[in-house]
Amino acid sequence: ASDVYKRQNLENAFNWFKKSSRQQVSKNRYQCETLRVGLVEAQYNLAQMYHYGLGTQKNLTYAAMLYEVAAEQGMKEAQFNIAQILHYGPDEFLNHEKAYDWYQKAANQNILEAEFNLGLMHQYGRGTFQDYVLARQHYLKAVQAEIAEAELNLGFLYYLSLIHISEPTRPY
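A. Region of the structure containing the overall build of the chain. A count of helices and strands for the chain gives eight helices and two strands. Counting from the amino terminus, helix and strand elements in the chain follow one another as α-β-β-α-α-α-α-α-α-α. Looking at the chain as a whole, 35% of its 172 residues qualify as buried. Restricting to contacts in the chain with at least 6 residues of sequence separation, those with at least 24 account for 41%. Carbon together with sulfur atoms contributes 51% to the accessible area of the chain, which is approximately 10,900 Å² in total.

This is how it looks when you write it as structure tokens:
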């Protein structure tokens, strides 16, 4: 019985997010039509529901569209999520240049996971030019969030002699 209630709650949440995320035309106090942008939080939540199939069928196309709408309004989580879809796919969504741009915007709002992905993109030259020093800079920022893969990739940059910068020794 609890699964039925959970499914109903997700469906209800989905419907309310959908209503509040739409652009609507309304009349202002002078009776002129104005376009009201949907609530960015609702757009993001609706994107999440489409992305993971919560309360609706999973639909990555709708999810990506809604993430991008919310990202364009400055929501850092949406910027990161649209970047992830554009960076990792599926194939029909791949666009490394756009992913790089969205990661930059998310990183500028202190999403440290975006810093890690910028490091990857610079390390391998995907969506941007290959630059090991910039990869190192992004990885060092990601290490603040204790992203183990950033530490691993820093180790490889030094191990493979791809960068030649001495760092002060820090006790752990």
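B. Inspection of the pattern of salt bridges at higher detail. All chains considered together, the criterion is met by one salt bridge. Of the charged contacts in the structure, one is a salt bridge between E68 and K98, with a shortest N-O distance of 3.3 Å. Here the residue E68 occupies a position in helix 3 (residues 60–72), and K98 occupies one in helix 5 (residues 96–107), the gap between them amounting to 30 residues.

C. A look at the packing of helix 6 (residues 112–124) against helix 7 (residues 132–143). Packing of helix 6 against helix 7 brings their axes to within 7 Å, and their N-to-C directions diverge by 160°. Put simply, helix 6 runs roughly antiparallel to helix 7. Here helix 6 runs over helix 7; the crossing is left-handed. Packed against helix 6, whose contacting residues are L112, E115, F116, L118, G119, L120, H122 and Q123, the element helix 7 presents Y132, L134, A135, H138, Y139, K141 and A142 at the interface.

D. Examining the side chain of E115 more closely. Within the fold, E115 resides in helix 6. Despite being buried, E115 has no salt bridge partner; K141 is the closest side chain of opposite charge, sitting 4.0 Å away. Excluding residues within four positions of it along the chain, E115 makes contact with A107, H138, K141 and A142.

E. Focus on the environment of G125. Positionally, G125 belongs in the loop between helix 6 and helix 7. Overall, G125 belongs to the partly exposed group, its relative accessible area being 31%.

F. Representation of the packing of helix 2 (residues 40–52) against helix 4 (residues 76–88) within the structure. At a minimum axis separation of 11 Å, helix 2 and helix 4 run at an interaxial angle of 30°. The angle between the axes of helix 2 and helix 4 places the two elements in the roughly parallel class. Helix 4 is crossed by helix 2, and the crossing has left-handed handedness. Taking contact as the criterion, the partners of Y44, Q48 and H51 in helix 2 are, on helix 4, E77, A78, N81 and I85.

G. Molecular detail of the side chain of Q43. Relative to the helices and strands, Q43 is located in helix 2. Residue classification places Q43 among the buried residues on the basis of a relative accessible area of 3%.

The rules behind each value
Residues numbered from 1 in each chain as written. Predicted model: local features only at pLDDT ≥ 70, side-chain atom pairs only at ≥ 80, totals over all residues. Heavy atoms only, no water. Helix = DSSP H or I, 4+ residues; strand = E, 2+ residues; numbered from the N terminus. Buried < 20%, exposed > 50% of the residue type's maximum accessible area, 1.4 Å probe, protein only. Contact = heavy atoms within 4.5 Å. Areas by Shrake-Rupley, 256 points an atom, 1.4 Å probe, with all protein chains shown as cover. Salt bridge = Lys/Arg side-chain N within 4 Å of Asp/Glu carboxyl O. Axes fitted to C-alpha atoms, helices over the stretch in contact; angles between N-to-C directions. Parallel < 35°, antiparallel > 145°, perpendicular 65-115°, else oblique. Left-handed = near helix turned anticlockwise from the far one by under 90°. Lys, Arg positive; Asp, Glu negative; His and termini not counted.

It is worth stressing that arrangement in space is one thing and function is another; only the former is reported here.
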